[in-house]
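# Coordinate inspection notes
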Amino acid sequence: MTTMQYSNELREAVLKRLLPPNSEPFSRVAAEEGISEQTLRNWFNKAKSQGLSSDDFDVPADKWSTQDKFLIVVETAGMSEADLAEYARTKGLYVDQIKSWRDACMNANGGVAREAARLSRELKAAERENRKLEKELARKEKALAETAALLVLRKKADAIWGDPEDE
């Protein structure tokens, strides 16, 4: 059996709902959060044994992890405005917060795509420059080889017929 890993922020938000003074029913919280009742009972019993109350879990939404924010966005993706407002109220959030998290999620990959396009353009430009430099190098190597060949021929000609500058 695999165990699910839940973030501390989610665990604290759920415990805040379960512990006094909120004391929401386990069955409702389990259904809304998609977490088994037994897991919730384990969290609850551990928190009670430590003497915690819902006041001990006041983590403001702007301090939540990106994972928790993303889970909220996924959870609310298909909700109507009324359902979203009700959901936000039960979670202690604002609809605008959820909408801004949704926008951030939607735009998160846009930056990556733009960066990939920019890098692709830079790579193509570098490849063009590389081809241009390789052609220039080949031309210069060919010219150098021709010059070397002419020098060798001149030395041979001078050896055969003598150096005209010596006369």
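Here is a short report on the structure shown in this document.

Criteria and thresholds
Each chain carries its own residue numbering, running from 1 in the written order of its sequence. Note on the predicted model: pLDDT of at least 70 is required for a residue's local features to be given, and 80 or more for side-chain atom pairs to be given and counted; whole-chain, interface and lining totals, by contrast, use all residues. By convention in this description, side-chain values take in all heavy atoms of the structure and omit both hydrogens and water. Where helices and strands are cited, they refer to DSSP runs of H or I of at least four residues and of E of at least two residues respectively, numbered from the N terminus. Each residue gets one of three labels from its accessible area relative to the maximum for its type: buried under 20%, exposed over 50%, partly exposed in between, using a 1.4 Å probe on protein chains only. A 3.5 Å cut-off defines polar contacts: any pair of N or O atoms within that distance qualifies, except that in protein one atom must be a possible hydrogen donor and the other a possible acceptor, and neighbouring residues in sequence count only when both atoms are side-chain atoms. Only heavy atoms enter the contact rule, under which two residues are in contact if any of them lie within 4.5 Å. Orientation is described by axes fitted as lines to C-alpha atoms, over the contacting stretch for helices, and by angles from 0 to 180 degrees between their N-to-C directions. Handedness of a crossing is defined here by the sense of rotation of the near helix relative to the far one, left-handed for an anticlockwise turn of less than a right angle and right-handed for a clockwise turn. Polar here means any residue other than Ala, Val, Leu, Ile, Met, Phe, Trp, Tyr, Cys and Pro, which are nonpolar, and Asp, Glu, Lys and Arg, which are charged; Gly is therefore polar. A pair of aromatic rings is counted whenever rings of Phe, Tyr or Trp (Trp by its six-membered ring) have centres within 6.5 Å, and the orientation is called stacked for planes under 30 degrees apart, edge-to-face for over 60 and tilted otherwise. The arc in question is the one traced by the directions running from the helix axis out to the C-beta atoms. When a carboxyl oxygen of Asp or Glu is within 4 Å of a side-chain nitrogen of Lys or Arg, the pair counts as a salt bridge.

This part covers the side chain of Thr76. The residue Thr76 is located in helix H4 (residues 66–76) in this model. When its relative accessible area of 0% is taken as the criterion, Thr76 is described as buried. Engagement of the side chain of Thr76 in a polar contact is seen with the backbone oxygen of Ile72, the distance being 2.9 Å. Thr76 has contacts with Leu84, Tyr87, Ile98 and Arg102, leaving out every residue within four places of it along the chain.

This brings us to the packing of H4 against helix H5 (residues 81–91). Two elements in contact, H4 and H5, have axes separated by 11 Å at closest approach and are oriented at 145°. Between H4 and H5 the crossing geometry is right-handed. For the pair formed by H4 and H5, the contact residues are Ile72, Glu75 and Thr76 on the first element and Leu84, Tyr87 and Lys91 on the second. Split into classes, the residues belonging to the contact of H4 with H5 amount to three nonpolar, one polar and two charged.

Moving on, we get to the packing of aromatic side chains. Going through the model one piece at a time under the given rule, you end up with two aromatic pairs. Between the aromatic rings of Tyr6 and Trp43, the centroid separation amounts to 5.3 Å while the plane-to-plane angle is 85°, which identifies the pairing as edge-to-face. Of the two residues, Tyr6 sits in the segment before helix H1 (8–18) while Trp43 sits in helix H3 (residues 37–49), which places them 37 residues apart along the sequence. Residue Tyr6 is classed as buried on the basis of its relative accessible area, which comes to 18%. Ring geometry for Phe26 against Phe44: centres 5.2 Å apart, planes inclined by 85°, an arrangement best described as edge-to-face.

Our focus in this paragraph is H5. Where H5 is concerned, the buried positions are Leu84, Tyr87, Ala88 and Lys91. Around the axis of H5, the buried residues are gathered within 100° of arc, so they sit on the same side. Residues Ala82 and Arg89 are exposed on H5 and point more than 90 degrees away from its buried face. After H5 finishes, the residue Gly92 shows a positive phi value of roughly 75°.

Summed over all chains, the structure comprises ten salt bridges. The salt bridge partner of Arg17 is Glu24, with a shortest N-O separation of 2.8 Å. Taken individually, Arg17 and Glu24 each receive the classification buried, so the pair is uniform in this respect. A salt bridge links Arg118 to Glu122; the nearest nitrogen and oxygen atoms lie 2.3 Å apart. Residue Arg118 and its partner Glu122 are located together in helix H6 (residues 95–161), separated by four residues, close to a single helical turn. Through salt bridges with shared partners, a single ionic network connects Arg17, Glu24, Arg28, Glu32 and Glu33.

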